[in-house]
Amino acid sequence: MKRRPIVAGNWKMNGTQEQAAAITHQILTSLPQNSQVEVVLCPPHTILGKVGDLLKGKAVLLGAQNAHWEPKGAYTGEISAPMLKDLGCRYCIVGHSERRQLFGETDASVRKRLRAVLDHGLTGILCVGETLEQRQQGKTWAVIQAQLQAALEGVESARAAAQMVIAYEPVWAIGTGQNATAAQAQEVHSQIRRWLAGRFGTAQADSIRIQYGGSVKPENTADLMAQPDVDGALVGGASLEPAAFLSIIASTAQAKETPCSTASS
Ligand code: PEP
């Protein structure tokens, strides 16, 4: 099955309003009109409105980096899925390893956040991935399987097919400059797809996109995207540099044989 490639930029905790406008403008002006790659920008909450306004009516979609499970209430510092919807978000990252490692996110809270994201009509980008220690101990698949199982508990097949993207992000590759090799990524992506087929059915698994994330750069995109089960990228650091991000999009399009090249601005 042909899946539409998806490249999402996770800006993490970066960007003033001015910087956000400059990055978004550069991406919008240089992205080819007919890009077959779905492009998503996930800025921090403070500039979602600003970036959302700039993306209105454009092909690039807005995403958030996190959402609380309750729709509203006394949860100081949190943002809910309906609030994100209200700002025009279409996507929301859930269970990023920085949230799991630095902010005490657990499999149980990831499941609740994902459920809220889906219930409010957003598409979830569910992040899974192993640490270096877990990989060295041969536990990579056991860890990822457990994360998938916990996060997707209770999610119906139709919903998974329509509203889910999985991001395989080995923790040791995030922000380190050391990406997984194309073979390492493909091995885990194919295991994820097999697991999805067992959980949701083959047709659904074939339609769910699995992104790779972890030090994706223009130089390594072509190799990674040439893998049959790698359907795009979740890009951190390089998504803040418009030229690099555009180059990643163009390489993704080329690797997936879709008509797209970076237009000169
Ligand atoms: C990320 O934050 O999801 C990520 C993959 O970061 P980086 O591309 O900087 O490794």
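The structure presented is a predicted model; accordingly, all values stated were derived computationally and were not measured.

*Asks:* Any details on the site of the ligand? Residues and values, ideally.
*Replies:* As a matter of local geometry, the ligand sits amid 14 residues, with Lys12, Glu169, Gly175, Ser215 and Gly236 nearest to it. Here an oxygen atom of the ligand sits 2.7 Å away from a polar atom, N or O, in the side chain of Glu169. Relative to its unbound accessible area of 300 Å², the ligand is 96% covered by the protein chains. Residues belonging to the shell around the ligand are distributed by class as follows: four nonpolar, eight polar and two charged.

*Asks:* Can you explain the packing of aromatic side chains? Please cite residues and give values.
*Replies:* Inspection of the entire model under this criterion finds one aromatic pair. Sitting over the ring of Trp69, Lys112 keeps its end group 4.0 Å from the ring centre.

*Asks:* Outline the pattern of salt bridges, supporting the account with residue identities and numerical values.
*Replies:* All told, the structure shown has 15 salt bridges when counted by the stated rule. Among the ionic pairs, Lys12 bridges to Glu98, the shortest N-O distance being 2.8 Å. Of this pair, Lys12 sits in the loop between β1 (6-10) and α1 (17-30) while Glu98 sits in helix α4 (residues 97-102), and the two are 86 residues apart along the sequence. The partner of Arg193 in a salt bridge is Asp231, and the shortest N-O contact between them spans 2.7 Å. Taken together, the positions of Arg193 in helix α9 (residues 182-200) and Asp231 in the loop between α11 (218-225) and β8 (232-235) put the pair 38 residues apart, joining distant regions of the chain. Accessibility expressed as a relative area gives 7% for Arg193, which makes it buried.

*Asks:* Now, about the pairing of strand β2 (residues 38-42): what can you tell me, with residues and values included?
*Replies:* Most of β2 is tucked away: five of the five residues are buried. Of the two faces of β2, both are covered, the one formed by Glu38, Val40 and Cys42 as well as the one formed by Val39 and Leu41. Taken together, the five bridges between β1 and β2 define a ladder with parallel strand orientation. Among the inter-strand pairings, Ala8 is bridged to a residue of β2, identified as Val40. In the classification by handedness, the crossover that spans β1, the intervening α1 and the parallel β2 is right-handed. Note: β2 against strand β3 (residues 61-64), two bridges, orientation parallel. The residue of β3 that forms the bridge with Val40 is Leu61. Read as a crossover between parallel neighbours, the route from β2 over helix α2 (residues 48-55) to β3 is right-handed.

Reading guide: rules and limits
- Residues numbered from 1 in each chain as written.
- Predicted model: local features only at pLDDT ≥ 70, side-chain atom pairs only at ≥ 80, totals over all residues.
- Heavy atoms only, no water.
- Near = heavy atom within 4 Å.
- Polar contact = N/O pair within 3.5 Å; in protein donor to acceptor, adjacent residues only side chain to side chain.
- Areas by Shrake-Rupley, 256 points an atom, 1.4 Å probe, with all protein chains shown as cover.
- Nonpolar A, V, L, I, M, F, W, Y, C, P; charged D, E, K, R; others polar.
- Phe/Tyr/Trp six-rings, centres within 6.5 Å; stacked < 30°, edge-to-face > 60°.
- Lys NZ or Arg CZ within 6 Å of the ring centre and 35° of its normal.
- Salt bridge = Lys/Arg side-chain N within 4 Å of Asp/Glu carboxyl O.
- Helix = DSSP H or I, 4+ residues; strand = E, 2+ residues; numbered from the N terminus.
- Buried < 20%, exposed > 50% of the residue type's maximum accessible area, 1.4 Å probe, protein only.
- Pairing = 2+ DSSP bridges.
- Right-handed = clockwise from strand over helix to strand, strands pointing away.

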